[in-house]
Amino acid sequence: MNVRGKLFGAMAVLVFFVTVGYFGATQGYLKNRFEDYFKAKTTKLFEIYYKEHDNSWEGIEEIKISDALEQISPDGREIALLSSEGNILFFRGSGDSGSLIQQGKRNTVIVNGATVGTIYVDRWESTEDYLLKKYVLDSMRTQGLRVPTLTGIVALLLGLWLTKKLTEPLKRLIPAIQKIAVGELHVRIPVTTRDEFGKVTGALNHMAQQLLRAEEVRKNLTADVAHELRTPLSIIQCNMEVIQEGGRDIPPETLLPIQDEVIRLSKLVDDLHQLTLAEAGKLQLDRSPTDLVPLLDRIIDMLKPEAEERHIDIVRSYPVQKLNAFVDPHRITQVFYNLLTNAMRYTSSGGKISIRITDSSHEESRFASVSIEDTGIGIAAEQLPFLFDRFYRVEESRARHTGGMGLGLAIAKEFVEAHRGFISVQSEVGRGTQFTVHLPCA
Ligand code: ATP
Ligand code: MG
């Protein structure tokens, strides 16, 4: 059974129970209430008599009890009263008192907590009471039937409409989900409502979008890796062929390009491994409060010989003597190393690289901010949004010539974000580039 059938079925059952409940209440329950009321009413008459006659049944045989019970219509009941000792004090009826006492309904008359007699009747209601009861119950049965019937019909119609309204968006979702399941990730379902269905539809669209992106990233990655592997492999292959054709002893300089490409290949494999780990959120971070001043100094010392050779001035500007960030020093060294090698790579001789450390706060958190600014070639504004994508290079030929693979910034970004920090870039073609890394403070 589909959801609509189930919902409608549930509503129909509900309507049925409400109707049955209504009749049960009006007919059965009210009947019992009437019976209790008439019983109490009859018993009360005897109680009043007993009290009014100085707590005795004196003269009871004389009383026309029916006078008190029936003002308008004759009371056709059989009634007997027995004293607490069991003597018949009063009897009125057509048959004999014995069978009434044996078969009739009974109730005790209690005055001041003591049982003073027992009443026996063939029925509790008088003729007048009976008519009243009949009138009330009959009118409830006939007139009252309309209310639950009408309510039931309205409820069922409403249920029909409501179940249709509830299940229709689901029906629209099913074919879309089936398409997504078989890989048609371009499917988008229009969001027409703001209720839960609208939210589910929105989430589904978002999921399809993410899947599409992941699929594209996967395809691109495979293509990029294949592309990156091809050049070094063909260089190695060419060199090997030359060596084989020569058939002589191999001079070391012939092996040099092969070694270069092998190094390049192992760096690629290593970088990809790190990047994949970081992207999957599986990067092991060994965090501790780390002073960024000596950490940066160590990297600068490493790059100094090359900088001196190319007459690039490395300027440090540390307004603080010590700034602790809560980071994995090994990973963060890699981040700054990537940024500084980029700055060196894309800055020509006589240029300048400035490194600044500042203490900043962002959204109530304290950050250690490190900016690396160069006076290099700069990056055009339209390239900036893709700069941190893997294998992205501003200029393919330029990068190949300068040896980059386009993974350095992607790794830097992933590593920084793994520390719950963030990285930003500002650049102007011909003037230089500034990268700023914000890392949470210890
Ligand atoms: P890898 O770092 O993997 O060896 P790469 O340096 O080419 O290679 P990224 O560090 O990711 O790759 O940088 C991506 C691209 O961004 C570079 O190819 C370069 O074009 C540009 N770029 C990065 N830093 C700078 C900079 N400081 N000045 C100018 N261009 C830059
Ligand atoms: Mg780089």
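Below or above, wherever it landed, is the structure these notes cover. What you are looking at is a predicted structure, and each value in this text was computed from that prediction instead of being measured.

**So, the pattern of salt bridges**
Evaluation of the coordinates by the stated rule reveals 16 salt bridges. Two residues, R390 and E279, come together in a salt bridge whose shortest N-O distance is 2.5 Å. In this pair, R390 sits in the loop between β9 (365-374) and α9 (396-402) while E279 sits in helix α6 (residues 252-279), placing the two residues 111 residues apart along the sequence. In this structure, the salt-bridge partner of R316 is D301, at a minimum N-O distance of 3.9 Å. With R316 in strand β6 (residues 313-317) and D301 in helix α7 (residues 292-309), this residue pair connects regions lying 15 residues apart in the sequence. Each of D297, D301, K304 and R316 takes part in one network of salt bridges that share partners.

**Comments concerning the packing of aromatic side chains**
The full count for this structure, using the stated rule, is 10 aromatic pairs. With a centroid separation of 6.4 Å and 65° between ring planes, the pair formed by F46 and W57 is classed as edge-to-face. Highlighted residues: F46 in helix α1 (residues 3-52) and W57 in the loop between α1 and α2 (65-69), separated in sequence by 11 residues. Classification of W57 by relative accessible area gives buried; the value is 11%. The interplanar angle of 85° and the centroid separation of 6.2 Å between the aromatic rings of F388 and F435 together place this pair among those described as edge-to-face. Taken together, the positions of F388 in the loop between β9 and α9 and F435 in strand β11 (residues 432-440) put the pair 47 residues apart, joining distant regions of the chain. Exposure remark for F435: the relative accessible area of 6% places this residue in the buried category. In this structure an aromatic cluster arises from ring pairing among F46, Y49, Y50, W57 and F90.

**Thoughts on empty space enclosed by the protein**
Tallied over the full model, the rule gives one cavity of 30 Å³ or more. In this model, the largest cavity occupies a volume close to 60 Å³. Where the lining of the largest cavity is concerned, the elements lending two or more residues are α4 (127-181) and α5 (196-246). Of the residues in the lining of the largest cavity, the class split is six nonpolar, four polar and one charged.

**Notes on the sheet that holds strand β8 (residues 352-362)**
Adjacent strands of a sheet pair through backbone hydrogen bonds, lying either parallel or antiparallel. Strand order in the open sheet formed by five strands is β6-β8-β9-β11-β10, and the pairing between neighbours is mixed. Edge positions in the open sheet fall to β6 and β10 (422-428), since each of these has one partner strand only. This sheet shows a mean twist of 20° between the axes of neighbouring strands, independent of strand direction. Sheet topology places β8 next to β9; 10 bridges connect them, and they run antiparallel. Its bridge partner being in β9, I357 is matched across the sheet by V370. Along the sheet, α7 makes contact with β6, β8, β9 and β11, crossing β6 at roughly 170°.

**What about the site of ligand 1?**
Of all residues adjacent to ligand 1, which total 21 residues, the nearest are N342, M405, G406, L407 and L409. Between ligand 1 and R345 there is a distance of 2.9 Å, counted from an oxygen atom to a side-chain nitrogen or oxygen. D374 is positioned with one of its side-chain polar atoms (N or O) 2.8 Å from a nitrogen atom of ligand 1. Isolated, ligand 1 exposes 590 Å² of accessible area, and the fraction of that covered by the protein chains is 98%. The cavity where ligand 1 resides is the largest pocket. Secondary-structure elements contributing two or more residues to the shell around ligand 1 are α8 (329-345), α10 (408-418) and β11. When residues of the shell around ligand 1 are assigned to their parent elements, the largest contribution, three residues, is made by α8. When its residues are assigned to classes, the shell around ligand 1 shows 11 nonpolar, five polar and five charged.

**Looking at a negative patch on the surface**
A cluster of like negative charges, contributed by D54, E58, E61 and E62, occupies part of the molecular surface. Tracing the backbone shows E58 in the loop between α1 and α2. Among the residues examined, E58 registers a relative accessible area of 62% and is labelled exposed.

**Here we look at the layout of surface pockets**
Empty space among the atoms becomes apparent when a probe as large as a water molecule is rolled across them. Taken as a whole, the largest pocket spans an internal volume of roughly 940 Å³. Along the wall of the largest pocket there are 47 residues; nearest its centre are T341, N342, R345, Y346 and G404. Secondary-structure elements contributing two or more residues to the lining of the largest pocket are α6, α7, α8, β9, α9, α10 and β11. Sorting elements by how many residues they give to the lining of the largest pocket places α8 first, with nine residues. Taken domain by domain, the makeup of the lining of the largest pocket includes at least three residues from each of domain 1 (196-279) and domain 2 (288-440). Approximately 510 Å³ is the volume found for the second largest pocket. The wall of the second largest pocket is formed by 16 residues, among which R213, V217, E279, D389 and R390 lie closest to the centre. Its residues assigned to classes, the lining of the second largest pocket shows six nonpolar, one polar and nine charged.

Definitions and cut-offs
- Residues numbered from 1 in each chain as written.
- Chains lettered and ligands numbered in written order.
- Predicted model: local features only at pLDDT ≥ 70, side-chain atom pairs only at ≥ 80, totals over all residues.
- Heavy atoms only, no water.
- Salt bridge = Lys/Arg side-chain N within 4 Å of Asp/Glu carboxyl O.
- Helix = DSSP H or I, 4+ residues; strand = E, 2+ residues; numbered from the N terminus.
- Phe/Tyr/Trp six-rings, centres within 6.5 Å; stacked < 30°, edge-to-face > 60°.
- Buried < 20%, exposed > 50% of the residue type's maximum accessible area, 1.4 Å probe, protein only.
- 1 Å grid on protein atoms, 1.4 Å probe; cavity = no way out; pocket = protein on both sides within 12 Å on 5 of 7 lines; lining within 4 Å.
- Points joined across faces, edges and corners; volume = space filled by probe spheres on them.
- Nonpolar A, V, L, I, M, F, W, Y, C, P; charged D, E, K, R; others polar.
- Pairing = 2+ DSSP bridges.
- Axes fitted to C-alpha atoms, helices over the stretch in contact; angles between N-to-C directions.
- Contact = heavy atoms within 4.5 Å.
- Near = heavy atom within 4 Å.
- Polar contact = N/O pair within 3.5 Å; in protein donor to acceptor, adjacent residues only side chain to side chain.
- Areas by Shrake-Rupley, 256 points an atom, 1.4 Å probe, with all protein chains shown as cover.
- Sits in = over half its atoms within 2 Å of the grid points.
- Patch = residues over 30% accessible without salt bridge, like charges linked within 9 Å, V, L, I, M, F, W, Y side chains within 5 Å.
- Lys, Arg positive; Asp, Glu negative; His and termini not counted.
- Charge placed at Lys NZ, Arg CZ, Asp CG, Glu CD.
- Domains from an automatic or database assignment.

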